[in-house]
Amino acid sequence: MSSPPSAATDRILVVTPYAPWRDGIGAYALQQVRRLRRAGHHVEVLSPRPSAAHHHGDLRGRAGARLLTRLGRRFDRVVLHFHPDVIYRLPPTAGSRIDTALAYGAAFRALPHVELRLHEIDHSWAHDEATAWATRFLLAGADLITVHSEEQRDQLVDGFRVPADRVVLFDHGVDFEPRTTADRARARASLGLPADEHVFLCIGFVQPHKGFDRAARAFAGLGAEGARLDIVGSVRVTDQQARDHKAELEAIAGREPGVHLHLGFVSDEMFDRWIVAADTVVLPYRHIWSSSVAERAALFGRPVIATNVGGLGHQVEAMEGSVLVEDNAGLARAMAAAIGRDATHRPPVTWPADGDRARIQAEIEERATAARGGAASGRTWAGSDGSGPALSAPLRRIGPLTAPAPVSARPGVSLVKRLIRRVIAWELTPISDQVNRLQRATADALDQAETATRPPDAGEPASGAGRIAEDR
């Protein structure tokens, strides 16, 4: 890897979300600013929100591009930590994306030297011919684009036609420094963790694309093997999708022994202390460009189990003891292997010879669990023998509220129905979504109430009995 060229005493403007604002890119940039200052540069920061930065202002759209141009001319170099949310108005329509991209492309060309530190960009934009040309104009205006993996570099060169000599690999963790001096024993004691259990850790902002729910499902059954999974982080975005995901994690943690959910923002020192306390850091992401968590795990020598998405493969492959997985089954096998359990080995089973339907159903569920690579998860259902949770069964049997199919045997009516459906969907969809969420929440609440009030001597339902698998 190589670093971007720099003079010894450049005046540098770093454009980024910034502390004390709670933002992953901001935490990343803070370490970069400190390193640049130690190297003798004069560094000022422009932040999109009021913060500890020297300057702040709304960086979205044309006005943001004008602000950058006016301020950036005072400096030798501008380093823009690029994330679409920083410069585009949300939701980014095609028109606003073109307008913003052209404005920023012009701004980059008006400044002495612009480096884009690319944290994320939607690669599908390269295939949207209506706007791809504007995105290419923006990217081509930068003098240098720094990325963290070969995959990102290939996307820019092949997808967005950026000249190869302008895209430079930059070590993701080069500016990272430890924020804690605690060793493993002290870290665990301070966090209230047992000294002798294997601690799996998922840490960072709780968002669906991070896939912490995948780790929780893959962990199923390992709690009885002397392991625990701690999910640590705050919900940064509070849209309905994020709220649903949070509720889902709470439901899993409520029913799965060994899964512990710690919601809330943690300081940089606490973040590192959790990593020091962990035996294995789990990165079950659904999609991502690169991960600062992987770099912090490497900083403390903690092995990582990561899904092979984005640039994670490039980051993790050199980390000792780390494992890349392709799917949920691989994730479950890797987590089991981390505690010395061979998830691929299962003793031979035969069907119960006594014809007991409940035992046969339990065996079916066990085999499905093995094929899935983890215990069945999702909704509980009353078993035919009454051993499973029963209170929520009537609610579970009610299907989700959906609009009727816009079809008719009469000529032309199907087309009319489809048109009507499109016109009124914006009013009806939120209502049906809310009704379905209420149904799920009520059923989950009944399950939790039933579990809490179950007599101590009633024991757990037969293994797998009365559970319906629900892969999500």
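Use the structure listed above.
The notes below deal with the structure included here. Keep in mind the model is a prediction, meaning the values are calculated, not measured. (Residues numbered from 1 in each chain as written. Predicted model: local features only at pLDDT ≥ 70, side-chain atom pairs only at ≥ 80, totals over all residues. Heavy atoms only, no water.)

With that settled, the discussion passes to unusual backbone geometry. The amide bond that connects Ala19 to the next residue, Pro20, takes the cis arrangement and shows omega of 5°. By the element assignment, Pro20 lies in the loop between β1 (11–15) and α1 (24–38). Positive phi is not limited to glycine here, since Arg161 has a value of about 60°. Looking at the secondary structure, you find Arg161 in the loop between α6 (150–159) and β7 (167–169). Here Arg161 falls in the exposed class, since its relative accessible area comes to 59%. (Helix = DSSP H or I, 4+ residues; strand = E, 2+ residues; numbered from the N terminus. Buried < 20%, exposed > 50% of the residue type's maximum accessible area, 1.4 Å probe, protein only.)

A separate point is the pairing of strand β11 (residues 280–283). In the case of a regular strand, side chains alternate between the two sheet surfaces. Residue alternation in β11 divides its side chains into two sets, Thr280 and Val282 and Val281 and Leu283, and both sets are buried. Note that strand β8 (residues 198–203) and β11 share 2 bridges and pair parallel. Following the sheet pairing, Leu201 is matched in β11 by Val281. Strand direction decides the pairing type here: β11 and strand β12 (residues 304–307), joined by 3 bridges, are parallel. Each bridged residue has a counterpart across the sheet, and for Val282 the counterpart in β12 is Ile305. For the handedness criterion, the β-α-β arrangement of β11, helix α11 (residues 292–299) and β12 is classed as right-handed. (Pairing = 2+ DSSP bridges. Right-handed = clockwise from strand over helix to strand, strands pointing away.)

With that out of the way, let us pick up the nonpolar core. Core analysis: the largest hydrophobic core is formed by 52 residues, its most contacted members being Phe200, Leu229, Leu283 and Met335. When residues no more than four places from it in sequence are discounted, the contact partners of Leu283 are Ser291, Val293, Ala294, Val304, Ile305, Ala306, Thr307 and Leu312. Counting residues in each nonpolar core, the second largest holds 40 residues, with Leu68, Phe75, Ala107 and Ala142 among its members. (Core = buried A, V, L, I, M, F, W, Y, C linked by side-chain atoms within 4.5 Å. Contact = heavy atoms within 4.5 Å.)

As a further point, take a nonpolar patch on the surface. On the surface, a nonpolar cluster with roughly 670 Å² of combined accessible area is contributed by Leu401, Val416, Ile420, Val423, Ile424, Leu428, Ile431 and Val435. As for its placement among the helices and strands, Val435 is situated in helix α16 (residues 413–453). Here Val435 falls in the partly exposed class, since its relative accessible area comes to 39%. (Patch = residues over 30% accessible without salt bridge, like charges linked within 9 Å, V, L, I, M, F, W, Y side chains within 5 Å. Areas by Shrake-Rupley, 256 points an atom, 1.4 Å probe, with all protein chains shown as cover. Salt bridge = Lys/Arg side-chain N within 4 Å of Asp/Glu carboxyl O.)

In this section: the sheet that holds strand β4 (residues 77–82). Pairing in this open sheet of 7 strands is parallel, and the strands run β3-β2-β1-β4-β5-β6-β7 from one edge to the other. Both edges of this open sheet fall to β3 (55–56) and β7, since each of them pairs with a single strand only. Where strand β6 (residues 144–147) lies against β7, 3 bridges are found, and the strand directions are parallel. The partner of Thr146 across the bridge, within β7, is Val168. Its contacts with the sheet put α1 on β1, β2 (42–47), β4 and β5 (114–118), and the angle it makes with β4 is roughly 160°. (Axes fitted to C-alpha atoms, helices over the stretch in contact; angles between N-to-C directions.)

For the rest of this paragraph, the subject is the sheet that holds β8. Across a sheet, strands are paired by hydrogen bonds formed along the backbone, either parallel or antiparallel in direction. The strand order across the open sheet built from 6 strands is β10-β9-β8-β11-β12-β13, with neighbouring strands paired in parallel fashion. The sheet is open, and its two borders are formed by β10 (259–263) and β13 (323–325), each paired with just one other strand. Going from strand to strand, the sheet's axes swing by 20° on average, the running direction of each strand aside. Pairing of β12 with β13 involves 3 bridges; the strand directions are parallel. Paired with Ile305 across the strands is Val323, a residue of β13.

Here we come to the environment of Leu261. Tracing the sequence through the fold places Leu261 in strand β10. Given the relative accessible area of 23%, Leu261 is considered partly exposed. In this structure, the C-alpha to C-alpha distance between Leu261 and Leu249, residues 12 residues apart in sequence, is 7.5 Å. If near-sequence neighbours (up to four positions away) are discounted, Leu261 is found in contact with Ile231, Leu249, Glu250 and Ala253.

Moving on: the environment of Asp85. With respect to the helices, strands and loops of the structure, Asp85 is situated in helix α3 (residues 84–87). Taking the C-alpha atoms as reference points, Asp85 and Glu120, 35 residues apart in sequence, are found 9.7 Å from one another.

Moving on, we get to helix α9 (residues 240–255). The terminal C-alpha atoms of α9 lie 23 Å apart, and with 16 residues this matches the ideal 22 Å at 1.5 Å per residue to within 8%. Along α9, the residues classified as buried are Ala242, His245, Glu248, Leu249, Ala251 and Ile252. (Expected span 1.5 Å × (residues − 1).)

Residue position: Gln315 is located in helix α12 (residues 312–316). In this structure the C-alpha to C-alpha distance between Gln315 and Ser149, which are 166 residues apart in sequence, comes to 7.4 Å.

This structure, assessed with the given rule, holds 17 salt bridges. The salt bridge partner of Arg117 is Glu115, with a shortest N-O separation of 3.0 Å. The exposure classification of Arg117 matches that of Glu115, with both residues buried. Its salt-bridge partner being Arg217, residue Glu248 comes within 2.7 Å of it at the nearest N-O pair. In this pair, Glu248 is assigned in helix α9 and Arg217 in helix α8 (residues 212–219), connecting sequence segments 31 residues apart. The pair Glu248 / Arg217 is uniform in exposure class, with both members buried.

Bringing α11 into the picture now. Along α11, the positions that sit buried rather than exposed are Val293, Ala294, Glu295, Arg296 and Ala297. Tucked into the core, α11 has its buried residues touching α1, β8, α10 (268–277), β11, β12 and α12. If you check the start of α11, you find a side-chain oxygen 3.2 Å away from the backbone N of Val293, and it comes from Ser291. Positive backbone phi, at 70°, marks Gly301, one or two positions downstream of α11. (Polar contact = N/O pair within 3.5 Å; in protein donor to acceptor, adjacent residues only side chain to side chain.)

Moving on, we come to the packing of aromatic side chains. Under the definition given, this model contains 3 aromatic pairs. With centroids separated by 6.2 Å and ring planes inclined at 75°, the aromatic side chains of Phe200 and Phe219 adopt a geometry described as edge-to-face. Of this pair, Phe200 sits in strand β8 while Phe219 sits in helix α8; the two residues are 19 residues apart in sequence, bridging distant segments of the chain. Phe200 gets classed as buried once you look at its relative accessible area, which sits at 0%. We classify Phe219 as buried; its relative accessible area is 0%. Residues Phe205 and Phe265 carry aromatic rings whose centres are separated by 6.5 Å and whose planes lie at 35° to one another, so their mutual orientation is tilted. With Phe205 in the loop between β8 and α8 and Phe265 in the loop between β10 and α10, the pair connects residues that are 60 residues apart, well separated along the chain. Owing to a relative accessible area of 38%, Phe265 belongs among the partly exposed residues under this scheme. Lying across the ring of Phe75, Arg11 places its NZ or CZ 5.1 Å from the centre. Sitting above the plane of the Phe137 ring, Arg109 keeps its charged end 3.9 Å from the centroid. (Phe/Tyr/Trp six-rings, centres within 6.5 Å; stacked < 30°, edge-to-face > 60°. Lys NZ or Arg CZ within 6 Å of the ring centre and 35° of its normal.)

Taken by themselves, the reported measurements are silent on function.
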